[in-house]
Amino acid sequence: MKTGNFRTISRLALGLPALLAAVPALADEAGSADGADGKADIRVIGHPDPEGLLPDQTAPKAISAISSDFIVKQAPTLNAFQLVNLLPGANVSSSDPYGLSTSSSLTMRGLGQDQIGVLMEGAPQNDIGYFYAYPSQFADAENVRQIALAQGAASIDAPVVAAAGGLLSLTLDDPKAEMGGLVNLSLGSYDARRAFVRFDTGTLGASGIKAFISYSNNRADNWRGAGFDKRQHVDAKLLREWGEGNRAAIAFSYNDAKTSTYASPSLADWKAYGRGYNYDKQYSEGSTTYWRLYRAPFRNFYVSAPIHLNLGDRLAFDTTAYLQFGHGNAPYGTQLTTTGNYLGTEELTQPITLPGAVDGTATVLGNWTGKQRRVGDVSKLTVTAGAHTLTAGLWFDYGTDRVTQSYTSIDASGHPLDQWGYQSKAIRTADGRLLAYENARTETVTKGFFVADSIAVTPRLGVELGFKGVDVLRNGRNYLPGPQDKVRRDSFAALPRAAVHYTLDERQQLFANVTTNFRTPNEFALYNSYYAGELVSQGTSGLKNEYSVSEELGYRYIGPSLSFSLTAFHYHFRNRQVATVVNSGGALVNSTINGGSQTSYGLDGEIDYRPARGVSVYLSGEYLHTRQDDDLAVGGDYLPTRGKRAVASPQFQFAMGTTYDDGRLFGSTALKYVGRQYATFMNDESIKGYATLDLSIGVHLAGLIDAQRMDLRLNAINVTNPHVLSGVQAITANALDTTARGGTLISGSAPTYYVGSGRAFVATLSRAF
């Protein structure tokens, strides 16, 4: 939806500890999945130190990961997108050094944030209507055990659509077996203050249940312009393990935040004002650019309940149920008049009441509010039969998205009377109806099934074959008066896949895969938009789905002190859905443009060198070539875009990260370079390449006071402080006036950009108890 999210996730039923304690009986009778002696045959290959930035992988696809050993050395404020910035193909455009604002994006191999599936504890995190995920709402970094990034192929059982750009998976830390806790206190630039506390219960008696709960409170002034951000967050997890590999868990996450939307300049704005392009610090009568009109409040709550059962030495069952609830507002400043208003296509003949109106005009808060509710489950059964490991599963997801764009009065000092945009306080028509520019409710039902066979052809050669069928049904209601009432779109996609993995020896692997993906246009495309009683945007259910085929061919080496991987990839898209931001009645709303066919290919590489215990040097890079295969349809004609490069797709990216830990002193560096990025389909406007550098240094204090873990560290974020545009927020077809193929003059429209964040320092004292 707008740059924010209406996703939240709700509570499960009471009595959960009793449920977790009872589940083991289902599997204890079935036996263990290990050998007859009850012991697993485990062989460790590679470097035993945990500090490396390239964890060992054996999947037949490109996949990179960072673990808690790296995360714990970074600034505790960083979100999941910022933490994976060093990994191949990841291009993070962050407008906020602390990761609090939702004004940021992640692209992968040139594919946008709405093309990347995101899971946390197996539950989907992407917005159900617009496919975006918002990392500032994810779990606190202290509770994350690993973040894995599959750059091109999402797992067949992943409950996501629109994942051509890969899959980002967060795994939370398990509760500790012993009672204890952790406290982190941080102070930083821009009056940043953060407190984090976690308590682990340890194993609770004979129940075998263990749990943790954590709370964090974060506040920081905006580094650019007036305003400040606030975030409160709670994570919790209960876990029961028994037998050989059986486990049942439930994870909770609650996020309550009020964050600022940073102003996104055009290239002309950037040249004229630089970082000074901001919202107003002081309110003046009639102004619509006062900073308090651009603070977005959101509350999100989610629950995920993953269960794994070994039902015998050849049979296993996995299921993950999830619930989500959310509410939020992505506001903006605008003006209304007491007369001349419309509701949809209906002209309002009676004037509306506008407190504070001068000569019939008043500045008001425009509200893009949404409430999302979502429930789902993905389950699979895995059977081993000789050389075959067969998997079959089902996925069901039901969600509702209630979207309104209404208006709220502000007082004489510019403060909104209601930041949340509740309808009970919104401006109404003379006959009591809600005055709204958008007013719709969408139900989305996703049903999927998947089957796969992993075949051990030889001890060294493995082949995987799979098929996934996904149906996405959208039913909607447009509550605005006009020609449109109900909308419906039903899409089914058949998604076959195949992969090969060959072990050359105990250290070398070859892999290849072919994967298919699809996505539907987002729900905004279904609905009419009206202005002054006229139709300005035609909603339709006839838009074409994006469909893509991707291939990877890779080599992996896992050595005692040196590991590396190299992956060649190729994509072909039909009806490529390119993410942009459009102005809908004053609100900046995520939307897509059908870019036609597109071909991409490139090379990803990463190296991890560990010359000594506690020392790691990590290098990654990507070469990406993109080509638009079709001309772009605009205004009944076609812009000559065939052969142009894709937007927001840098040709080159490089990264270097180092870590050091000798048991007393520790530190890390993170250097990232991102090449030139085009902002229009015509390639007539772009932003230059840029580099960022993060540093950290710390000391382990355990043993100086007592034996408990105690660390003091200093993080420098974006230490070189370059004044750059870091990414494209709103792409356009062409920035300059262009003559189309049929002779039509297509007027240019200026793209807008994310401003790269400024330098920040954060000091953190961490104490275990």
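Heads up: the structure comes first, above all this text.
Residues numbered from 1 in each chain as written. Predicted model: local features only at pLDDT ≥ 70, side-chain atom pairs only at ≥ 80, totals over all residues. Heavy atoms only, no water.

Student: Honestly, the overall build of the chain in this entry has me stumped. Any pointers?
Tutor: Regarding its fold elements, the chain presents five helices and 44 strands. A globule of 769 residues ought to have a C-alpha radius of gyration of about 27 Å, and the chain, at 26 Å, matches this closely. Seen through its C-alpha atoms, the chain measures out along the principal axes to roughly 85 × 60 × 50 Å. For the chain, contacts bridging at least 24 residues in sequence account for 70% of all contacts bridging at least 6. A total accessible area of about 29500 Å² is found for the chain, and carbon and sulfur atoms account for 57% of it. With 68 positive and 71 negative side-chain charges, the chain shows a spacing of 2 Å between the two charge centroids. (Helix = DSSP H or I, 4+ residues; strand = E, 2+ residues; numbered from the N terminus. Rg over C-alpha atoms; globule rule 2.2 N^0.38 Å. Contact = heavy atoms within 4.5 Å. Areas by Shrake-Rupley, 256 points an atom, 1.4 Å probe, with all protein chains shown as cover. Lys, Arg positive; Asp, Glu negative; His and termini not counted. Charge placed at Lys NZ, Arg CZ, Asp CG, Glu CD.)

Student: Please explain the sheet that holds strand β5 (residues 123-124) as it appears in this structure.
Tutor: Across a sheet, strands are paired by hydrogen bonds formed along the backbone, either parallel or antiparallel in direction. Ordered by their spatial adjacency, five strands build an open sheet running β1-β6-β7-β4-β5, and the pairing between neighbours is mixed. Strands with a single pairing partner mark the edges of an open sheet, and in this sheet they are β1 (64-67) and β5. (Pairing = 2+ DSSP bridges.)

Student: Where do I start with the side chain of E546 in this structure?
Tutor: Along the chain, the position of E546 falls in strand β26 (residues 546-558). Apart from the residues within four sequence positions on either side, E546 is in contact with Q115, A164, N517, F518, R519, F573, R574, N575, R576 and Q577.

Student: Any chance you could explain the pairing of strand β34 (residues 652-661) here in plain terms?
Tutor: Along any regular strand, the residues point their side chains to alternate faces of the sheet. In terms of strand pairing, strand β31 (residues 615-628) meets β34 through nine bridges, oriented antiparallel. If you follow G621 over to β34, its bridge partner there is F654. Judged from the nine bridges that link them, β34 and strand β35 (residues 665-674) form a sheet pairing that is antiparallel. Within β35, the position partnered with Q653 by the bridge is V674.

Student: What is the right way to read the packing of aromatic side chains from this model?
Tutor: How two aromatic rings sit relative to each other is given by the distance of their centres and the angle of their planes. Counted under the stated rule, the structure contains 19 aromatic pairs. Arranged with centres 6.5 Å apart and planes meeting at 55°, the rings of W368 and F524 form a pair that is tilted. A residue pair is termed long-range when its members are at least 10 positions apart, and W368 in strand β18 (residues 361-385) and F524 in the loop between β23 (508-519) and β24 (529-531) qualify at 156 residues. By relative accessible area, F524 is classed as buried at 12%. Judged by centre distance (5.9 Å) and plane angle (40°), the rings of F449 and F467 are tilted. Here F449 is found in strand β20 (residues 438-456), whereas its partner F467 is found in strand β21 (residues 461-478), with 18 residues between them in sequence. Judged by its relative accessible area of 28%, F467 is partly exposed. Put simply, the rings of F228, Y283, Y290 and W291 pair up and form one aromatic cluster. (Phe/Tyr/Trp six-rings, centres within 6.5 Å; stacked < 30°, edge-to-face > 60°. Buried < 20%, exposed > 50% of the residue type's maximum accessible area, 1.4 Å probe, protein only.)

Student: Where do I start with the environment of S561 in this structure?
Tutor: Here S561 shows up in the loop between β26 and β27 (562-574). Taking the relative accessible area as the measure of exposure, S561 reaches 30% and is therefore partly exposed. For the pair formed by S561 and Y609, sequence separation is 48 residues and the distance between their alpha carbons is 5.8 Å.

Student: Just checking my understanding: could you explain the nonpolar core for this structure?
Tutor: For soluble globular proteins, nonpolar side chains are generally found buried alongside one another. Formed by 41 residues in total, the largest nonpolar core has its most connected members in I66, Y98, F138, I147, L168 and L170. If we skip the residues at most four places from it in the chain, L170 touches A80, V118, L119, M120, E121, F138, V144, Q146 and I147. (Core = buried A, V, L, I, M, F, W, Y, C linked by side-chain atoms within 4.5 Å.)

Student: Hey, could you run me through the pairing of strand β44 (residues 760-768) in this one?
Tutor: The side-chain alternation of β44 yields one buried face, formed by A760, V762, T764, S766 and A768, and one unburied face, formed by F761, A763, L765 and R767. The pairing of strand β8 (residues 180-188) with β44 spans seven bridges and is classified as antiparallel. Opposite L185, over in β44, you have L765 as the bridge partner. Sheet topology note: the strand β39 (residues 710-717)/β44 ladder contains eight bridges and is antiparallel. If you follow L714 over to β44, its bridge partner there is A763.

Student: Quick question: what am I supposed to make of unusual backbone geometry here?
Tutor: Excluding glycine, most residues fall at negative phi; most peptide bonds, likewise, are trans. Phi is positive for D191, which is not a glycine, with a value near 55°. Following the sequence through the fold, D191 ends up in the loop between β8 and β9 (192-200). At N575, a residue that is not glycine, the phi angle is positive and equals roughly 55°. Here N575 lies in the loop between β27 and β28 (577-584). What makes N575 buried here is its relative accessible area of 17%.

Student: What exactly am I supposed to notice about the pattern of salt bridges here?
Tutor: In a structure, side chains of opposite charge can pair up when their charged atoms sit close to one another. A complete count under the given rule lists 33 salt bridges for this structure. With a closest N to O distance of 2.5 Å, R477 and D485 form a salt bridge. What makes R477 partly exposed here is its relative accessible area of 34%. Among the ionic pairs, D711 bridges to R709, the shortest N-O distance being 3.4 Å. Take R709: its relative accessible area is 35%, and that puts it in the partly exposed class. The network of salt bridges with shared partners includes E121, R145, D174, K210, K237, E241 and R247. (Salt bridge = Lys/Arg side-chain N within 4 Å of Asp/Glu carboxyl O.)

Student: How should I be thinking about the side chain of H233 in this particular structure?
Tutor: With respect to the helices and strands, the residue H233 is situated in strand β11 (residues 228-242). Accessibility expressed as a relative area gives 0% for H233, which makes it buried. Within the local environment of H233, its side chain forms a polar contact with the backbone oxygen of Y254, the two atoms lying 3.2 Å apart. Here H233 is in contact with Q137, F138, A139, D140, S214, Y215, S216, S253, Y254 and N255, once residues within four sequence places are set aside. (Polar contact = N/O pair within 3.5 Å; in protein donor to acceptor, adjacent residues only side chain to side chain.)

Student: Would you explain the environment of A436 in this entry?
Tutor: In this structure, A436 sits in the loop between β19 (388-409) and β20. Sequence separation of A436 and I705 is 269 residues, and the distance between their C-alpha atoms is 61 Å. The residues touching A436, leaving out its near neighbours within four places in the chain, are L343, Q405, S406, Y407 and L480.

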